[in-house]
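# Structural overview for review
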Amino acid sequence: MLILGIETSCDETSASVVKSGKILSNIVYSQLIHSKFGGVVPEIASRQHLKTILPVLEEALSQAGTPLKKVEGIAVTYGPGLVGCLLIGLSCSKAVAYALRIPFVGVNHIEAHIFANFLEHPGLKPPFVCLVISGGHSILVYVKDKGDYQIMGQTRDDAAGEAFDKVAKLLDIGYPGGPLVDKMAKKGNKDFVKFPRAYLGKESLDFSFSGLKTAVAIYVSKLSKTKLVRNKKNIAASFQEAVVDVLIDKSIRALNLAGTDKLVLAGGVARNSRLREKLEIKAKDLKFDLCYPSPELCTDNAAMVAVCGDFYLSKGIKSDLSLSAIPYAKIGSMAYSHLAPKVGITSPL
Ligand code: KG4
Ligand code: ZN
């Protein structure tokens, strides 16, 4: 099927055309306007989506060399995400689906991140453990099969990406913080400060990064301006090491518990160079398979939404046009309760 994917859950407006698992185009417009606020401002983000969704959509079709009327199905993120942002993509998708009389399916954003791996690694087969780490989520998911998920652990407070962004703000190095901390940490000493690692008990696969963020804030508040400027790289490296250590230890514990030797990464933080480097070494030592998408498919993009939607649409599973945005949509058994198997499009009018 020729699928049009649309993603507007946070601060990236993206449209993509995917055919039989191959990306024909994947246009991502990142809203740089939020950098001056040090974080995403939801109302501004929705208005930006409104302005850019149609040009982004047209560019995706043009790059793919596909006229709109050739599109056979639409996949769009319905949640989780910012409600105003989700609604822009959802409304646009419904309008196109209704006008063309083609099926459309609402896709869970976290599941789409996992599917980014199937785009680039067609040989990847479940079961595996997936560590989904983004600006809004840190989740260990047991992927029994495509569409069959079990949450093994998740964050109790801040997500990994959120911690990177907040620490970048404390160090006053810009937004989004993850890539900047990553870059800065390369020149820093990871052993400069021993920041706490929150394991939440031996058995737990949950994450907590707010204590670490507070530890960095307290450390920074005690430094003179000169000392802070001189040691930003060292603080960034020490903070990053604390996050990476916890992510790796819990992922390995999850592999053991699930009885699988395949670890898959997904989400924006999966771009982190130190995480990849350390995990590659662990994978060789402990003999497990490690798989992650290329950097541009880790962060939010519509190709991952399209390929996930393709999986459902090709089974005849589609959403009804009454589908609404669900800001706290969960992945797992309840994720697809909104789907209407084999039900045709009903007119909202
Ligand atoms: O998956 P994503 O694009 O959006 C959400 O679904 O949230 O992830 C964005 C997050 C941001 O918090 C960003 O700072 C983080 O991913 N990120 C990174 C890196 N690149 C992006 N974090 C650490 N290291 C990176 N290289
Ligand atoms: Zn995301």
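Residues numbered from 1 in each chain as written. Chains lettered and ligands numbered in written order. Predicted model: local features only at pLDDT ≥ 70, side-chain atom pairs only at ≥ 80, totals over all residues. Heavy atoms only, no water.

Strands pair in a sheet through their backbones, by hydrogen bonds, and they do so in one of two ways: parallel or antiparallel. On the basis of which strands lie adjacent, the open sheet formed by five strands has the order β3-β2-β1-β4-β5 and mixed pairing. Looking along the sheet, the strands with just one partner apiece sit at the ends: β3 (22-30) and β5 (104-108). On average, adjacent strands in this sheet sit at an angle of 20° to one another, irrespective of strand direction. For strand β2 (residues 12-19) and β3, the ladder comprises eight bridges, and the chain directions are antiparallel. What sits directly across from Ser16, in β3, is Asn26. Strands β1 (2-7), β4 (73-79) and β5 of the sheet are contacted by helix α2 (residues 83-100), whose axis makes an angle of about 155° with β4. Contacts from helix α3 (residues 109-120) reach β1, β3, β4 and β5 within the one sheet, and its direction differs from that of β5 by about 95°. (Pairing = 2+ DSSP bridges. Helix = DSSP H or I, 4+ residues; strand = E, 2+ residues; numbered from the N terminus. Axes fitted to C-alpha atoms, helices over the stretch in contact; angles between N-to-C directions. Contact = heavy atoms within 4.5 Å.)

Turning to the coordination of the zinc ion (ligand 2), a few remarks are in order. Expected angles at a metal are 109.5 degrees for tetrahedral coordination by four donors and either 90 or 180 degrees for octahedral coordination by six donors. The zinc ion (ligand 2) binds to the protein through His109 (NE2), His113 (NE2) and Asp300 (OD); the donor distances cover 2.0 to 2.1 Å. Around the zinc ion (ligand 2) sit four donor atoms; with metal-centred angles ranging over 96 to 134°, the donor geometry is tetrahedral. As a motif over one chain, the donors of the zinc ion (ligand 2) read H-x3-H-x186-D. Of the two residues, His109 and His113 are both situated in helix α3; the distance of four residues between them amounts to about one turn of the helix. No difference in accessibility class separates His109 from His113, as the two residues are buried. (Donors = N, O, S within 2.8 Å, 3.2 Å for Na, K, Ca; no water. Tetrahedral: all angles 85-135°; square planar, octahedral: opposite > 155°, others 65-115°. Buried < 20%, exposed > 50% of the residue type's maximum accessible area, 1.4 Å probe, protein only.)

Our next topic: the environment of Ala116. Position of Ala116 among the secondary structure elements: in helix α3. On the accessibility criterion, Ala116 (0% relative accessible area) is buried. Residues Ala116 and Cys308, 192 residues apart in the sequence, show an inter-C-alpha distance of 8.2 Å.

In this section: the sheet that holds strand β6 (residues 128-133). Strand order in the open sheet formed by five strands is β8-β7-β6-β9-β10, and the pairing between neighbours is mixed. The sheet is open, and its two borders are formed by β8 (148-154) and β10 (289-291), each paired with just one other strand. Neighbour-to-neighbour, the strand axes of the sheet open up by a mean angle of 25°, direction not taken into account. Two strands pair when backbone bridges link them, and strand β9 (residues 262-266) and β10 are joined in this way by three bridges, in the parallel orientation. Across the sheet, Lys262 pairs through a bridge with Asp289, a residue of β10. Contacting β6, β7 (138-145), β8, β9 and β10, α3 crosses the sheet at an angle of about 120° to β6.

Around ligand 1, 20 residues are found, and the nearest of them are Gly135, Asp165, Gly178, Asp182 and Asp300. Gly135 has a polar backbone atom sitting 2.8 Å from an oxygen atom of ligand 1. Gly136 has a polar backbone atom sitting 3.3 Å from an oxygen atom of ligand 1. Expressed as a share of its isolated accessible area of 560 Å², the protein-covered part of ligand 1 is 90%. Mapped by element, the contributors of at least two residues to the shell around ligand 1 are α3, α4 (160-170) and α5 (177-185). For the shell around ligand 1, the class distribution of residues is four nonpolar, twelve polar and four charged. Here the shell around ligand 1 spans two domains, and each of domain 1 (2-113 + 297-345) and domain 2 (126-292) adds at least three residues to it. (Near = heavy atom within 4 Å. Polar contact = N/O pair within 3.5 Å; in protein donor to acceptor, adjacent residues only side chain to side chain. Areas by Shrake-Rupley, 256 points an atom, 1.4 Å probe, with all protein chains shown as cover. Nonpolar A, V, L, I, M, F, W, Y, C, P; charged D, E, K, R; others polar. Domains from an automatic or database assignment.)

What follows deals with the domain arrangement of the chain. When its domains are assigned, the chain resolves into domain 1 (2-113 + 297-345) and domain 2 (126-292). Look at where the C-alpha atoms of domain 1 and domain 2 centre, and you get two points 27 Å apart. If you look at the interface, domain 1 gives 17 residues, while domain 2 gives 15 residues. Interface area, domain 1 with domain 2, both sides summed: about 1,400 Å², of which 71% is carbon and sulfur. The three residues of domain 1 that bury the most area against domain 2 are Ile110, Cys298 and Ile331, which together make up 36% of that side's buried surface. The interface formed by domain 1 and domain 2 contains zero salt bridges. Run the count over domain 1 and domain 2 and you get three residue pairs in polar contact (both at pLDDT 80 or more). Among the secondary structure elements, those contributing two or more residues to the side of domain 1 that touches domain 2 are α3 and α10 (302-313). With three residues, α3 is the single largest residue contributor to the side of domain 1 that touches domain 2. Of the residues that constitute the side of domain 1 that touches domain 2, the class distribution is eight nonpolar, seven polar and two charged. (Buried area = accessible area lost by both parts, 1.4 Å probe. Salt bridge = Lys/Arg side-chain N within 4 Å of Asp/Glu carboxyl O.)

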